[in-house]
Amino acid sequence: MFCLGIEGTAHTLGIGIIDENGKILADVRKVYSPPLGKGIIPNEAAKHHEKNKEIVLKEALNQVNLEIDEIDGIAYSAGPGLPPCLSSVSNFANKLAKKYKKKLIPVNHMLAHVEIGKLVTKARDPIVVYVSGGNTMILGLVENKYRVFGETLDIPLGNALDVVAREMGLPMPGGPQLDELAKKGKFVNLPYIVKGMDLSFSGIVTACIKKLKEGVKKEDIAFSLEEVCFSMLTEVTERALAHTGKNEVLLVGGVAASKILQEKMERMCKERGARVFYLPQEYARDNGVMIAWVGMLFLKSKKIPKIERRFRARWRIEEVEIPWV
Ligand code: AMP
Ligand code: MG
């Protein structure tokens, strides 16, 4: 069996093809880059996807030497994401499925990040810490749904790091730069904000900017910012482990590349007899393979999810029923 997956929730248009054993057969990506110094412009990103969809599809099929007739299902990222991008990708998937009489599988983008992480790292039943430029969530499978144990109440952690780094005049993305600076820093006091199982970063960012203006050394701010934010994240992750009795942690998303975060999580997990898994950056980024893999999991379980509309810009992961547990 083969499943083709189309990702296009934001900047990346990706098409991947995977077989029923999780062997990755094709992976083509084209990334829209916004004008210098600007954020993503949704309509421009959608135009990028429209312009490139046929090219990316052709390249993906060429990589495996398959005809589209030999594919069993067409999966696509149906949300959450930017509406113009979701509209473009869902229409494309819909047309392909109709034209070639294939099963059409709407896939939740967050779920795809989690499942590709499990496939690549071989983690079995982890607490997933998803920390990227756009998301901060602590997730775990309970019965047949991924529950959100904790999440950010305001800005995502990667975004918080980038805002502080930008104030320091560091090049983007800021996370790796802060990681470097932090090695030479010492601790200055910053607010530590955990509310129940949720996290808040915007007050910490404001405090960092204030300290920067008062002349506190960049190194000290970098060190303290990471120390505080990563400790908050580790605290909530530990409680999710304790609550569920799970013994694996899977780190996904761009911020998971931080050595300082990895060491903190490792120390906590060692004390609990748990294991930490890291997703290589290649698969932490948005890609079509992760969509194809979730499509394949649905195909194999013979339960294709239905959504009322073609896409849902605010689709939460805990709304998806997981039939493969
Ligand atoms: P993503 O949205 O998953 O592409 O992740 C991008 C985010 O990861 C940006 O906010 C980066 O600053 C952050 N990031 C990347 N590498 C590191 C690192 N080594 N340490 C901390 N943050 C990082
Ligand atoms: Mg993503």
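Residues numbered from 1 in each chain as written. Chains lettered and ligands numbered in written order. Predicted model: local features only at pLDDT ≥ 70, side-chain atom pairs only at ≥ 80, totals over all residues. Heavy atoms only, no water.

J.: Mind showing me how you'd approach the coordination of the magnesium ion (ligand 2) here?
T.: Each pair of donors in an ideal four-coordinate tetrahedral metal site encloses 109.5 degrees, whereas pairs in an ideal six-coordinate octahedral site enclose 90 or 180 degrees. Only H109 (NE2), H113 (NE2) and D286 (OD) from the protein reach the magnesium ion (ligand 2) as donors, at distances of 2.2 Å. Along the chain, the residues that donate to the magnesium ion (ligand 2) are spaced as H-x3-H-x172-D. Of this pair, H109 sits in helix α3 (residues 109-121) while D286 sits in the loop between α9 (281-284) and α10 (288-301), and the two are 177 residues apart along the sequence. Residue classification places H109 among the buried positions, given a relative accessible area of 6%. (Donors = N, O, S within 2.8 Å, 3.2 Å for Na, K, Ca; no water. Helix = DSSP H or I, 4+ residues; strand = E, 2+ residues; numbered from the N terminus. Buried < 20%, exposed > 50% of the residue type's maximum accessible area, 1.4 Å probe, protein only.)

J.: Honestly, the sheet that holds strand β8 (residues 145-151) in this entry has me stumped. Any pointers?
T.: Backbone hydrogen bonds hold the strands of a sheet together, and the pairing may be parallel or antiparallel. An order of β8-β7-β6-β11-β12 is seen for the five strands of this open sheet, with the pairing classed as mixed. The two strands at the open ends of the sheet, each matched to only one other strand, are β8 and β12 (275-278). Here the strands of the sheet are splayed against their neighbours by 25 degrees on average, with no regard to which way each runs. Here strand β6 (residues 127-131) pairs with strand β7 (residues 136-142) via five bridges, running antiparallel. The residue bridging Y130 from the neighbouring strand is M137, located in β7. Most of the contacts of α3 go to strand β11 (residues 248-252), to which it runs at about 120 degrees, and overall it touches β6, β7, β8, β11 and β12. Against the sheet, helix α8 (residues 259-272) touches β6, β11 and β12, its axis set at about 155 degrees to β12. (Pairing = 2+ DSSP bridges. Axes fitted to C-alpha atoms, helices over the stretch in contact; angles between N-to-C directions. Contact = heavy atoms within 4.5 Å.)

J.: How should I be thinking about helix α2 (residues 83-100) in this particular structure?
T.: For an α-helix, 3.6 residues make a turn, and residues three or four places apart therefore share a direction. In this model, α2 (18 residues) spans 26 Å end to end at C-alpha, consistent with the 26 Å of a helix rising 1.5 Å per residue. Taken residue by residue, α2 has C85, L86, S88, V89, S90, F92, A93, N94, L96 and A97 as its buried positions. The inward-facing, buried residues of α2 contact β1 (2-7), β2 (12-19), α1 (42-64), β4 (73-79) and β5 (103-108). Of the residues flanking the end of α2, it is K101, one or two places downstream, whose phi is positive at about 55 degrees. (Expected span 1.5 Å × (residues − 1).)

J.: Is there a simple way to think about the pairing of β12 in this case?
T.: Regular strands place their side chains on alternate faces of the sheet. The pairing of β11 with β12 spans four bridges and is classified as parallel. When the sheet's bridge partners are listed, E248 is paired in β12 with R275. For the handedness criterion, the β-α-β arrangement of β11, α8 and β12 is classed as right-handed. (Right-handed = clockwise from strand over helix to strand, strands pointing away.)

J.: What am I meant to see in the pattern of salt bridges here?
T.: In a structure, side chains of opposite charge can pair up when their charged atoms sit close to one another. Within this structure, the stated rule accounts for 15 salt bridges. Of the charged contacts in the structure, one is a salt bridge between E227 and K264, with a shortest N-O distance of 2.8 Å. You can see E227 sitting in helix α7 (residues 218-244) and its partner K264 sitting in helix α8, a full 37 residues away along the chain. On the basis of relative accessible area, E227 is assigned to the partly exposed category, the value being 23%. For E238, the salt bridge identified is with R272, shortest N-O distance 3.6 Å. In this pair, E238 is assigned in helix α7 and R272 in helix α8, connecting sequence segments 34 residues apart. We classify E238 as partly exposed; its relative accessible area is 28%. Bridged by salt links that share partners, the residues E151, R316 and E318 form one connected network. (Salt bridge = Lys/Arg side-chain N within 4 Å of Asp/Glu carboxyl O.)

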